[in-house]
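What follows is each chain in one-letter form.
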Amino acid sequence: MQRWYLGLDSSTQSLTAVGIAPDSRKILCEISLNFDRELPAYGTRNGTLRHEDPTVVHAPPLMWVEALDKMFERLRREGLPLGELAAVSVSGQQHGSVYLNETAADRLARLDPAVPLVEKLRGVFSRPTSPIWMDSSTSVECAEITEALGGPAEVARRTGSAAFERFTGPQIRKFYKMDPEGYRRTAHIALVSSFLPSVLAGRIAPIDVGDGAGMNLMNIHTRDWDPAALAATAPDLRRRLPPIVESWTVVGPIARYFVERYGVSPQAQVVVGSGDNPCSLVGLGLVRSGMVAISLGTSDTYFGAMDECRVSLEGEGHVFGSPTGGYMTLVCFKNGSLARERVRDQLGLDWEGFARAIFSTPPALGGRGLILPWFEPEITPKVLKPGARYQGLRPDDPAVCRAVVEAQMMAMRIHTRWMGVRPSCIYATGGASANPAILRVMADVHRCPVYRFETTASAALGAALRAFHAWQRSAGDPLTWEEVVRGFAEPVRDSRVDPSPETAAAYDAMEVAYRDFEQKELARSQA
Ligand code: XUL
């Protein structure tokens, strides 16, 4: 039997497993367990617990533990050759934190194969629920940390991001202030992505540079804890955190629990976990600087690999460590599908009509008009007062179809320039990537080839590929990242859209006009 590798993605709503066999470049399995459906006793909705304050969003960490047992049960039932597993790694929803008391290390080390994980681990939490990335209740703590560190640009310069409510540091500070006794009882703070490897390896696992960068606690340049950020967050924090390591670090062999209970190979290695976005970077094959993915979802995200660490001091997006060794960026634009749908609906079109309206108008609308697509409050650039702004166009003009997509792409072009990396190719993912007119505008505005990429479970696949890479490295036979992802993370064949060189001048002119319009409207909305 050939060696195979497992990636587990503990996301907001589900736990997904992807098994890969690199020798044959085959995906062996893709299995997903939905938390609400499969573990109803925890009372979650979409994987989260409701709270009277809508800004508070937590999830029960014990549910993630129980899901792990269920997943191994499922893998065994489906006949996966667990006895041949070489390595496993984890992807976790970023920023979510798990608080463990002083019994945790010992209990993890003594898991009993005869007793389900939940029974043994029920008592290890010093905080019964985990704040997750959807929690936005820490504005006060963000302001306090920002003040202590000398302003938002300084926080970004140190940690790769300004202070954000969902980031782990502000969440830890809130816990320390709200429940000092609970904080005192906390011996270890884990991320979702380090907690599950801790269970798999039966010991407190380190945090990797990918998810570590989502905490406002890691110095993005040294790739280690930042003493000033720790001090600004909570007292005695350093001793509660594990070391930070590169993403290919082996935590150790899999715990005896999984060997005896499920027949997993005792040689199987547990590789340090990472965040779902860093794992997706690998799962999409973005392993060279300049390779970018644009995910066209409810919001649009632009993320890509870069060799050098550059940070936006304006607070545009985030810089994380990349699991491939360099850095990655993630910039979120709130008005994605939301804005495209609003325009389509206000014109009474279907998606085909929307595409036709784009194809029947010239690039940059020949300079005729612009829209700022801020139908909802926007993240990049920060706009609190919603409402689309029009220049030279009326909302009922079909040309708005082109204007909205061009605006979205132009905003990406402008607000990712701080990265100092021109995209060399873009993989378009998400629902709207099926629309040829949108891909055409994307290629022309960003001036590089665009490919469609069909993702199913890119984060879990990325975790499996990381496990494969780390195993090879620890076996003294390292592979390049290109070799690791080949055959697994490839765009849709024949989907390449090349930019039309003759559109370049029109978009250069549009950039100037768009910047002006944006500056003016930003100033006006702050007035
Ligand atoms: C990234 C973020 C989300 C979560 C989703 O900063 O908050 O993408 O990682 O799981």
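A few points on the structure.

Secondary structure assignment for the protein chain yields 20 helices and 22 strands. Once the C-alpha set of the protein chain is aligned to its principal axes, its extents read approximately 70 × 55 × 40 Å. In the protein chain, which comprises 527 residues, the share counted as buried stands at 61%. Partitioning the contacts of the protein chain with sequence separation of at least 6, the portion at a separation of at least 24 is 74%.

The next thing to look at is the side chain of Asp-226. Mapped onto the elements, Asp-226 comes out in the loop between β11 (224-225) and α11 (227-233). Within the structure, Asp-226 has its side chain in polar contact with the side chain of Arg-158 (distance 3.1 Å). One polar contact links Asp-226 to Asn-219, side chain to side chain, over a distance of 2.8 Å. If we ignore the near neighbours within four places in the chain, the residues touching Asp-226 are Arg-158, Leu-217, Met-218 and Asn-219.

As a packed pair, helix α2 (residues 61-77) and helix α9 (residues 192-201) sit with axes 11 Å apart at the nearest point and diverge in direction by 50 degrees. On the basis of the axis angle, α2 is oblique to α9. Pair α2 / α9 crosses with right-handed handedness. Together, Pro-61, Trp-64, Val-65, Leu-68 and Phe-72 of α2 and Val-192, Phe-195, Leu-196, Val-199 and Leu-200 of α9 make up the contact between the two elements. Class assignment of the residues belonging to the contact of α2 with α9 gives a composition of ten nonpolar, no polar and no charged.

It is worth spelling out the sheet that holds strand β16 (residues 300-306) at this point. Across the sheet, six strands lie side by side as β17-β18-β16-β15-β21-β22; this open sheet has mixed pairing. Each edge of the sheet is formed by a strand with only one pairing partner; in this case those strands are β17 (318-321) and β22 (450-452). Taken over all neighbouring pairs, the strand axes of this sheet differ in orientation by 20 degrees on average, direction set aside. Along the sheet, helix α13 (residues 276-283) makes contact with β16, β17 and β18 (327-333), crossing β16 at roughly 70 degrees.

In the neighbourhood of the ligand, the contacting residues comprise Gln-93, Gln-94, His-95, Trp-133, Arg-166, Asp-276, Asn-277 and Leu-330. Residue His-95 places a side-chain N or O atom 2.7 Å away from an oxygen atom belonging to the ligand. In this structure, an oxygen atom belonging to the ligand sits 2.8 Å away from a side-chain N or O atom of Arg-166. The protein chains hide 86% of the 290 Å² of surface that the ligand would expose on its own.

Here we take up the environment of Ser-126. Looking at the secondary structure, you find Ser-126 in the loop between α4 (117-121) and β7 (130-131). Here Ser-126 is in contact with Tyr-99, Leu-100, Asn-101, Phe-175, Gly-182, Arg-185 and Thr-186, once residues within four sequence places are set aside. Here Thr-186 takes part through its side chain, which lies 2.7 Å from a polar atom of the side chain of Ser-126.

The next thing to look at is the sheet that holds strand β5 (residues 85-92). Spatial ordering of the open sheet is given by β3-β2-β1-β5-β14-β13, a layout of six strands whose pairing is mixed. Taken across any chain shown, the strands that pair with only one partner, and hence form the sheet edges, are β3 (26-34) and β13 (250-253). Taken over all neighbouring pairs, the strand axes of this sheet differ in orientation by 20 degrees on average, direction set aside. In this sheet, strand β14 (residues 269-275) lies alongside β13 in antiparallel orientation, the contact comprising three bridges.

Let us look at empty space enclosed by the protein. In total, this model carries two cavities of 30 Å³ or more according to the counting rule given. The computed volume of the largest cavity comes to approximately 60 Å³. Forming the boundary of the largest cavity are Asp-300, Phe-333, Asn-335, Pro-373, Trp-374, Glu-378, Gln-408, Ala-411 and Tyr-514. In terms of residue class, the lining of the largest cavity is made up of five nonpolar, two polar and two charged. Estimated volume of the second largest cavity: approximately 30 Å³. Lining the second largest cavity, in full, are Leu-100, His-188, Ile-189, Ala-190, Ser-194, Ser-198, Ile-204, Ala-205 and Pro-242. Those elements giving two or more residues to the lining of the second largest cavity turn out to be β8 (188-191) and α9. In the lining of the second largest cavity, the residues fall into six nonpolar, three polar and no charged.

To continue, consider unusual backbone geometry. The omega angle of the peptide bond from Thr-380 to Pro-381 is -10 degrees, so this bond is cis rather than trans. Tracing the sequence through the fold places Pro-381 in the loop between β19 (370-372) and β20 (389-391). Unusually for a residue other than glycine, Arg-25 sits at a positive phi of about 50 degrees. Of note in the backbone geometry, Ala-364 takes a positive phi value of approximately 55 degrees without being a glycine. Here Ala-364 lies in the loop between α15 (351-359) and β19. You can call Ala-364 buried: its relative accessible area is 7%.

Rules used throughout
- Residues numbered from 1 in each chain as written.
- Predicted model: local features only at pLDDT ≥ 70, side-chain atom pairs only at ≥ 80, totals over all residues.
- Heavy atoms only, no water.
- Helix = DSSP H or I, 4+ residues; strand = E, 2+ residues; numbered from the N terminus.
- Buried < 20%, exposed > 50% of the residue type's maximum accessible area, 1.4 Å probe, protein only.
- Contact = heavy atoms within 4.5 Å.
- Polar contact = N/O pair within 3.5 Å; in protein donor to acceptor, adjacent residues only side chain to side chain.
- Axes fitted to C-alpha atoms, helices over the stretch in contact; angles between N-to-C directions.
- Parallel < 35°, antiparallel > 145°, perpendicular 65-115°, else oblique.
- Left-handed = near helix turned anticlockwise from the far one by under 90°.
- Nonpolar A, V, L, I, M, F, W, Y, C, P; charged D, E, K, R; others polar.
- Pairing = 2+ DSSP bridges.
- Near = heavy atom within 4 Å.
- Areas by Shrake-Rupley, 256 points an atom, 1.4 Å probe, with all protein chains shown as cover.
- 1 Å grid on protein atoms, 1.4 Å probe; cavity = no way out; pocket = protein on both sides within 12 Å on 5 of 7 lines; lining within 4 Å.
- Points joined across faces, edges and corners; volume = space filled by probe spheres on them.

None of the figures reported here should be taken as evidence of function without further support.
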